[in-house]
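Overview (structure and organization)
Residues per chain, in single letters:
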Amino acid sequence: MGPQKNTYIRISLPAVCFVWQIAMVLLFGIFIRYNEEADAHWVEHKQQHNLTDIDNDFYFRYPSFQDVHVMIFVGFGFLMTFLKRYSFGGVGFNFLIAAFGLQWALLMQGWFHSLDQDTGKIYIGIENLINADFCVAGCLIAYGALLGKVSPVQLMVVTLFGITLYAVEEYIILNLLHCRDAGGSMVIHCFGGYYGLAISWVLYRPNLHQSKHNEGSVYHSDVFAMIGTLFLWMFWPSFNSAITNHGDGQHRAVINTYIALAASVVTAVAISSMFHSKGKLDMVHIQNATLAGGVAMGTSAEFMISPYGALIVGFFMGIISTFGYVIVTPFLAKSLKLQDTCGVHNLHAVPGMLGGFIAAIVAAFASDSVYSHQGLINTFDLTGEYASRTMSTQGGYQAAGTCVAMAFGLIGGAIVGLILKLPIWGDPADDNCFDDEAYWEVRAFEFDEATGQHEVTEEA
Amino acid sequence: MGPQKNTYIRISLPAVCFVWQIAMVLLFGIFIRYNEEADAHWVEHKQQHNLTDIDNDFYFRYPSFQDVHVMIFVGFGFLMTFLKRYSFGGVGFNFLIAAFGLQWALLMQGWFHSLDQDTGKIYIGIENLINADFCVAGCLIAYGALLGKVSPVQLMVVTLFGITLYAVEEYIILNLLHCRDAGGSMVIHCFGGYYGLAISWVLYRPNLHQSKHNEGSVYHSDVFAMIGTLFLWMFWPSFNSAITNHGDGQHRAVINTYIALAASVVTAVAISSMFHSKGKLDMVHIQNATLAGGVAMGTSAEFMISPYGALIVGFFMGIISTFGYVIVTPFLAKSLKLQDTCGVHNLHAVPGMLGGFIAAIVAAFASDSVYSHQGLINTFDLTGEYASRTMSTQGGYQAAGTCVAMAFGLIGGAIVGLILKLPIWGDPADDNCFDDEAYWEVRAFEFDEATGQHEVTEEA
Amino acid sequence: MGPQKNTYIRISLPAVCFVWQIAMVLLFGIFIRYNEEADAHWVEHKQQHNLTDIDNDFYFRYPSFQDVHVMIFVGFGFLMTFLKRYSFGGVGFNFLIAAFGLQWALLMQGWFHSLDQDTGKIYIGIENLINADFCVAGCLIAYGALLGKVSPVQLMVVTLFGITLYAVEEYIILNLLHCRDAGGSMVIHCFGGYYGLAISWVLYRPNLHQSKHNEGSVYHSDVFAMIGTLFLWMFWPSFNSAITNHGDGQHRAVINTYIALAASVVTAVAISSMFHSKGKLDMVHIQNATLAGGVAMGTSAEFMISPYGALIVGFFMGIISTFGYVIVTPFLAKSLKLQDTCGVHNLHAVPGMLGGFIAAIVAAFASDSVYSHQGLINTFDLTGEYASRTMSTQGGYQAAGTCVAMAFGLIGGAIVGLILKLPIWGDPADDNCFDDEAYWEVRAFEFDEATGQHEVTEEA
């Protein structure tokens, strides 16, 4: 351990956890209630409104919610187990961030979107849970850029501010600009990616090479990471369709995402092979760039981009993202002093930004003939004050929304990075990064066949 | 291998498997038929009753069923892979117990709940499959206390009696006492936990320290166990809502469980860190105590406990369960001679029991004003002979139900433990516990880079 | 590496990926459109046809689709990670095959089943996605017989032809012969199994024993494979019910499959134990033979086989499949020169074929009294030109369909095998099989505690 750094967090971590969790209890007590579909009054409500149980939004969204939930905890969590001795931190801190973050997200998003002006309460249902998971995804993406270099206390700070920033940018993009962003290319991936990159840039460690022996994977840690990759890949259609319109909206978002992801795999394999002297594949590319099609389809998944449109998006994203891992990440590390452990620049920031702009173009060309008149109104929610908005205007707003997401990520991340530079957070020394022994009681890295005993590498 | 113990099971294991499986075939032939929603007559049934296909209960419960199914096989199974050389036994015997147990559960629960008095047949549908999985969960919890110390033949005995006891206590609690227990804090966790603990107590091994070198985890076995933890954690909302009322019942149970689990994670992390000299986290706590909120919300998940109520339950369960792992388990091992491999006392027995009593209190304070008149009747099924039951009476019965579950677990477990002491079951010697080589053909623990060959450690 | 073989694929793999992916973009552009349930016109369509959103087929099939999707990518993928140093190839090439294959399947199956004669377009919805996943499953089964012995370029060829053959045999079996085959015992498992076996037989390697040191598992690779096994096992009810009739069809297929699988586990354990001198279990059997009940129930899952009928099927399949692994595979390897890495003969080919014939018998004995008149018509789709087909005739056609599937697999596989013998595909030498270093940049097999550094075994 370096001389000036101390990973002692026995006071700070419990303190932060307790203070924030108690705050959640109080705020939930003041603000959060069940909405009419989850409240026991439903039995009377449905009679009054001539509904049946199957009309409950629960049945339209619960399967998608659970898929999203798996993406957040197993998908992101296991994707970050690839480091040879930071798997506990990868999956464990992911768990902590998400479990705290979703509580704060229910409140932050609730105040902006589900607050009843009369009662002053936030009424929650299944869609709020999905949105809370989405909100958390932004912070987990940011964690990808910081993996192995920060303390869990710092991650709680990243999460608190990340959720807050997310709720504000989401409100601006979805409500004030009236953008559509079903799968969050803009509000989740573009924001989360640049948020993490900006923090990482501020926290630049000139001597990180001292932990070089811990950076990188071993055989089985790469297989663990494939669990994360595949659950993200498989359930991405649910992610992009979870909060789209009932009926064709969910149906179409699934088809578009399914198709885009398939193309990403094939082109990521092609580029990965091209860049190796013998044509061998690199697990880093297979674990990450195969997902880029899903990121970029986030915003336009519900649009009539058409199946071949989705295929083209996936085609190019697989290429761009793999190029990013091969060329751009090393370049950024050298020239911009940007240390991006998981390469979120290539998987989230850039595909998210491109996804936002692609959707702007698709929206600008949307027409009654392709969508039907009702279908166009329905897809873009062109009702009330937005009834007269033209599609080219909508396209402009979509592009503006992408810029807002990026700006929030970069500026917010820079500020949070400065806060995290305070010498009170228990982050590891430069020669102690990417090592679970800093924050976890690690019993043994390998089974020792000779002695038949586990090596106690740590005194408790 | 010890002098008096012999793990030869080449006759006993196939014999038990065949006898019991053939019995299942015969009993299924006599008793089990499809219910009207799964029978080909449905096409006529729905016309007669003016139903459509979407009214089929299948569509209300199948997504939850599959989530529960994952919890049983991957959740419980992988949670028990944490031991360094008992991962095959953890996930493999879990598979065997569950696959046999669900068949016997369909029969036992069928006789009590789905037997048609006219035809003498049990008519099964999706809800029976969910309940069979629930029933199996009780036995898998018990397995957690026995992990590594018993033979697969003994586990088949534990399962046969465990399912039987479960069906009886469930009938007493749900039907005779008319308790509510949607997610089974009482009938599953409290019963299963004490059942396993009582068996383990009777089977106390004074010389178990001879296997000390095999107890404990290695790095990758802890990562495998996180697969189990996360699938349990993520799908627990489905577990607690799978058989609740259509509509608000399922919706509310999901919200409550989701919230309680989130709080458990944060407080489990806090306590785990507090008990280490440098504030480091212990994987045992993260793998287990994070789930305690889901256990304790089992009974009250469908009640109007309110979101902050769920948060408070999760808050305290994370603390209590982690304390249990740090303080209570070592104490029980020393003073009560209770060897509890997975700490089911802290994750299932105590949180389950507390969940039962919490629900009793929540039920006792339930009122028309909070639930609506119809909602209260609907939630507690206060119809027929129970129409005039007051809520404080209901609360008393809920508390009584918790005691019944505990009594069945303790007494049933003690008796089954005595049966398992017979020297015919092929259990391992004290110095041979927690070792897959007793019951599995293990080819090699590690890849040997030097020789490039796998070490054949076992002659077939 | 052998003298005549060269695994250099830096040109061939990217070339094949790009050519085929670009072909997909063009063909999707020409042919593929959203169907009326996924098109933005749905909002008008549902008004015209007096439908509501919940009538959208999406809500009947999406949960099952996602389960099938998990089976294809995680189930098949992780089942093939069992080899000690071919886990990347197992899960990674599975990913590539499936991602490319599903695109080609959407086209091939679309031309046969969803082509609108007026517009010349293929209109796709959720059922097409499920069928594309099914189609891919046939190729992944074939991959099981080839695992470790072929190059990714060869696998792309196997997939291109496999999907094509599948679409044709499926059209013959389902449309021309008017067979039922909901879960694909015939069209998926029987075809896919024999397709892979025939290819493997043509590609026989007399000196494969030179790679013997790489064949086989290590401890953790067997645990990884259990992830695949369990996700296949758990979600098989969704597989067999995904495209059955709404209502009772899906409900019954789930029950039958759930029951059959449970019995397979118990009898597979029994036989595995019987064949070991001390009664120890073999992971190969637990990973594979436990699934045989699901394969064999594929065709008859939607029939009124009755719960005990399903139990009997599972009972015998667990036995037959485990016998296959113990006796038949070694016999075939010696006498027939058939090298079947994963034993697809025992898990897919034989249980699939038997499942086809079992279903023929069950169909032949189907009657109005058991199904109801409407139910029989509904289950076997005996409408239009098939309204007068007797059930014994239907049984005959089902048996004929099984033979068609087998013939397509054997003949098609033999031809594809000959194509793959061309010396242009970059397949590994006999002493270089089952080794990820041939096609993957492998950083280190184990963490080296001594040096604290990962061994770079490969120059990029």
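In this convention, every chain numbers its residues from 1, walking through the sequence in written order. Working convention: letters from A go to chains and numbers from 1 go to ligands, in the order in which they are written. This being a predicted model, a pLDDT of at least 70 is required before a residue's local features are given, and a value of 80 or more before pairs of side-chain atoms are given or counted; all residues contribute to the totals for chains, interfaces and linings. Heavy atoms throughout the structure, all of them, feed into the side-chain values; hydrogens and water do not.

Description of the overall build of chain A
Helix and strand assignments follow DSSP, with helices taken as H or I runs no shorter than four residues and strands as E runs no shorter than two, numbered in order from the N terminus. Across its full length, chain A holds 16 helices and 2 strands. Radius of gyration here is computed from C-alpha atoms only, and the compact-globule reference equals 2.2 Å multiplied by the residue count raised to the power 0.38. In summary, chain A has a C-alpha radius of gyration of 22 Å against a globular reference of 23 Å for 460 residues, a match within 12%. Judged by the C-alpha coordinates and their principal axes, chain A covers about 70 × 55 × 40 Å. Three exposure classes are used, based on accessible area relative to the maximum for each residue type with a 1.4 Å probe and protein chains only: buried under 20%, partly exposed in between, and exposed over 50%. Looking at chain A as a whole, 70% of its 460 residues qualify as buried. Think of it this way: Lys and Arg go in the positive column, Asp and Glu in the negative one, and His and the chain ends go nowhere. A charge is said to be at NZ when it belongs to Lys, at CZ for Arg, at CG for Asp and at CD for Glu. In chain A, which carries 20 positive and 37 negative side-chain charges, the distance between the mean positions of the two groups comes to 9 Å.

With respect to the UniProt feature "domain: Ammonium transporter AmtB-like" (unreviewed entry) in chain A
UniProt positions are given in the numbering used here, feature names are shortened, and annotations may be inferred rather than shown by experiment. When the UniProt feature table is mapped to this numbering, "domain: Ammonium transporter AmtB-like" (unreviewed entry) covers residues 51-439 of chain A. For the annotated span residues 51-439 of chain A, helix accounts for 69% and strand for 1% of the residues, and the straight-line distance between the end C-alpha atoms is 52 Å.

What to know about the interface of chain C and chain B
By the convention used here, residues are in contact when the closest approach between their heavy atoms is within 4.5 Å. With 80 residues of chain C at the interface, the matching set in chain B holds 83 residues. What gets called buried area is simply the loss in accessible area from a 1.4 Å probe that two parts show on being joined, summed for both. Of the roughly 7200 Å² buried between chain C and chain B, counting both surfaces, carbon and sulfur atoms make up 72%. For the chain C face of the interface with chain B, the top three residues by lost area are C:Tyr219, C:His251 and C:Tyr258, together amounting to 12%. A salt bridge links B:Arg443 to C:Asp282; its shortest N-O distance comes to 3.1 Å. Any N or O atom pair separated by 3.5 Å or less is treated as a polar contact, with the protein-specific requirement of one donor-capable and one acceptor-capable atom, and with residues adjacent in sequence counted only for side-chain atom pairs. For the pair chain C and chain B, the number of links is 26 residue pairs in polar contact (both at pLDDT 80 or more). Element by element, the count of residues in the side of chain C that touches chain B is highest for helix 9 (residues 248-274) of chain C, at 19 residues. Considering only residue class, the side of chain C that touches chain B consists of 43 nonpolar, 25 polar and 12 charged. Salt bridge criterion: a side-chain nitrogen from Lys or Arg within 4 Å of a carboxyl oxygen from Asp or Glu. Residues are grouped as follows: Ala, Val, Leu, Ile, Met, Phe, Trp, Tyr, Cys and Pro are nonpolar; Asp, Glu, Lys and Arg are charged; all remaining types, including Gly, are polar.

Side note on the interface of chain A and chain C
In this complex, chain A contributes 81 residues to the contact, which on the side of chain C involves 84 residues. Of the roughly 7200 Å² buried where chain A meets chain C, counting both sides, 72% is carbon and sulfur surface. Three residues, A:Tyr219, A:His251 and A:Tyr258, lead the burial of chain A against chain C; their summed loss comes to 12% of the area buried on that side. Along the contact surface separating chain A from chain C lie 25 residue pairs in polar contact (both at pLDDT 80 or more). Of all the secondary-structure elements, those providing two or more residues to the side of chain A that touches chain C are helix 3 (57-79), helix 8 (219-241), helix 9 (248-274), helix 10 (283-288), helix 12 (307-336), helix 14 (368-371) and helix 15 (373-380) of chain A. Looking at the side of chain A that touches chain C element by element, the count peaks at 19 residues for helix 9 of chain A. Classifying every residue of the side of chain A that touches chain C gives 44 nonpolar, 25 polar and 12 charged.

A short note on empty space enclosed by the protein
One way to see where empty space is left: roll a probe the size of a water molecule over the atoms. Only protein atoms enter the calculation, which uses a 1 Å grid: trapped sets of points that fit a 1.4 Å probe without letting it out are cavities, open sets showing protein on both sides within 12 Å along at least five of seven lines are pockets, and any residue with an atom within 4 Å of a point is a lining residue. Grid points are joined across faces, edges and corners, and a volume is the space filled by probe spheres set on the points. Applying the stated criterion to the full structure yields 6 cavities of 30 Å³ or more. Taken as a whole, the largest cavity encloses approximately 240 Å³ of empty space. Counting only elements with at least two residues in the lining of the largest cavity, the list comes to helix 3 of chain A, helix 3 (58-79) of chain B together with helix 3 (57-79) of chain C. The class makeup of the residues in the lining of the largest cavity is 18 nonpolar, 4 polar and no charged. Its volume calculated, the second largest cavity comes out at about 190 Å³. Along its surface, the second largest cavity is lined by 20 residues, and A:Asp67, B:Pro63, B:Asp67, C:Pro63 and C:Asp67 are the ones closest to its centre. Listed by contribution, the elements that provide at least two residues to the lining of the second largest cavity are helix 3 and helix 8 of chain A, helix 3 and helix 8 (219-241) of chain B together with helix 3 and helix 8 (219-241) of chain C. In terms of residue class, the lining of the second largest cavity is built from 14 nonpolar, 3 polar and 3 charged.

What to know about unusual backbone geometry
Trans peptide bonds make up the majority, and among non-glycine residues the majority have a negative phi. The residue A:Lys337 is not glycine, and still its phi comes out positive at about 55 degrees. Relative to the helices and strands, A:Lys337 is located in the loop between helix 12 and helix 13 (344-364).

As for the relation of the copies chain C and chain B
Its rotation angle being 120 degrees, the transformation that places chain C on chain B also includes 0.0 Å of axial translation and leaves an RMSD of 0.0 Å. Here the two chains are linked by the operation of a three-fold rotation axis. For chain C, the smallest separation between a C-alpha atom and the rotation axis is recorded for C:Pro63, amounting to 3.6 Å. For the least-squares superposition of copies, only C-alpha atoms count, and only for residues with pLDDT at least 70 in both.

Section: the pattern of salt bridges
One pass over the structure, following the stated rule, counts 33 salt bridges over all chains. For B:Lys212, the salt bridge is made with B:Glu215, and the minimal N-O distance between the two is 3.4 Å. A relative accessible area of 51% places B:Lys212 in the exposed class. In this structure, the salt-bridge partner of C:Asp57 is C:Arg61, at a minimum N-O distance of 3.3 Å. You can see C:Asp57 and its partner C:Arg61 sitting in helix 3, 4 residues apart, about one turn around the helix. Take C:Asp57 and C:Arg61: they sit in the same class, and that class is buried.

Points about a nonpolar patch on the surface
Residues and elements named next belong to chain A. Think of a patch as exposed residues, more than 30% relative accessible area, with no salt bridge, where like charges cluster within 9 Å and nonpolar side chains (Val, Leu, Ile, Met, Phe, Trp, Tyr) cluster within 5 Å. Here the open area of atoms and residues is found with the Shrake-Rupley method and a 1.4 Å probe, where only the protein chains shown may cover a residue. A surface patch of nonpolar side chains, about 330 Å² in accessible area, is lined by Met-274, Phe-275, Phe-323 and Ile-327. Relative to the helices and strands, Phe-323 resides in helix 12. By relative accessible area, Phe-323 is classed as partly exposed at 34%.

What about the relation of the copies chain A and chain C?
Rotating chain A by 120 degrees about the axis while translating it 0.0 Å along that axis superimposes it on chain C, leaving an RMSD of 0.0 Å. A share of only 14% of the interface residues of chain A reappears at the interface of chain C, consistent with the copies meeting through non-equivalent patches.

Details of the packing of aromatic side chains
Aromatic ring pairs are described here by two measures, namely the spacing of the ring centres and the angle between the planes. Residues and elements named next belong to chain A. What counts as a ring pair is set by centres within 6.5 Å for rings of Phe, Tyr and Trp (its six-membered ring), and what kind of pair is set by the plane angle: stacked under 30 degrees, edge-to-face over 60, tilted for all other angles. Going through the model one piece at a time under the given rule, you end up with 87 aromatic pairs over all chains. Ring geometry for Phe-191 against Tyr-195: centres 5.4 Å apart, planes inclined by 15 degrees, an arrangement best described as stacked. With Phe-191 and Tyr-195 both in helix 7 (residues 185-202) and 4 residues apart, the pair spans about one turn of that helix. Residue classification places Tyr-195 among the buried positions, given a relative accessible area of 0%. Taken together, a centroid distance of 5.8 Å and an interplanar angle of 55 degrees make the contact between Phe-231 and Phe-235 tilted. Residue Phe-231 and its partner Phe-235 are both found in helix 8; the two are separated by 4 residues, about one turn of the helix. Of the two residues, Phe-231 and Phe-235, both sit in the buried class.

A closer look at the packing of helix 4 (residues 87-114) of chain B against helix 6 (residues 152-176) of chain B
All names here are of chain B. Lines fitted to C-alpha atoms define the axes here, with helix axes fitted over just the stretch in contact, and angles between the N-to-C directions of these axes take values from 0 to 180 degrees. Running from amino to carboxyl end, helix 4 crosses helix 6 at an angle of 35 degrees, the nearest separation of the two axes being 9 Å. Crossing hand, helix 4 versus helix 6: right-handed. Looking at the contact of helix 4 with helix 6 residue by residue, the class counts come to 17 nonpolar, 6 polar and 1 charged. Crossing handedness is defined as follows: a turn of the near helix away from the far one that is anticlockwise and smaller than a right angle gives a left-handed crossing, while the clockwise case is right-handed.

Some words on helix 4 (residues 87-114) of chain C
Residues and elements named next belong to chain C. The terminal C-alpha atoms of helix 4 lie 37 Å apart, and with 28 residues this matches the ideal 40 Å at 1.5 Å per residue to within 8%. Across the chain, bend at a residue is computed as the angle between axes fitted to the seven residues ending at that point and the seven starting from it. Of all the bends found along helix 4, the most pronounced is centred on Leu-102 and spans about 25 degrees. Helix 4 sits mainly inside the fold: 25 of its 28 residues count as buried. By this rule the span expected of a helix is its residue count minus one, scaled by 1.5 Å.

Quick word on the side chain of C:Asn346
With respect to the helices and strands, C:Asn346 occurs in helix 13 (residues 344-364). When its relative accessible area of 3% is taken as the criterion, C:Asn346 is described as buried.

Some words on helix 9 of chain C
A rise of 1.5 Å per residue sets the reference length of helix 9 of chain C, with its 27 residues, at 39 Å; its end C-alpha atoms lie 39 Å apart and thus fit the reference within 8%. Buried residues dominate helix 9 of chain C, accounting for 26 of its 27 residues.

Examining the nonpolar core
Throughout this description, the term nonpolar core refers to a set of buried Ala, Val, Leu, Ile, Met, Phe, Trp, Tyr and Cys residues connected via side-chain atoms within 4.5 Å. Among the nonpolar cores identified, the biggest contains 497 residues, and A:Phe231, B:Phe231 and C:Phe231 are the most heavily contacted of them. With sequence-adjacent residues up to four places away left out, A:Phe231 is seen in contact with A:Val70, A:Met71, A:Val74, B:Phe231, C:Val70, C:Val74 and C:Phe231.

Considerations on the side chain of B:Thr257
Residue and element names in this part refer to chain B. Turning to its location among the elements, Thr-257 is positioned in helix 9 (residues 248-274). Classification of Thr-257 by relative accessible area gives buried; the value is 0%. If sequence neighbours within four positions are ignored, Thr-257 has contacts with Trp-236, Pro-237, Asn-240, Gly-294 and Ala-301.

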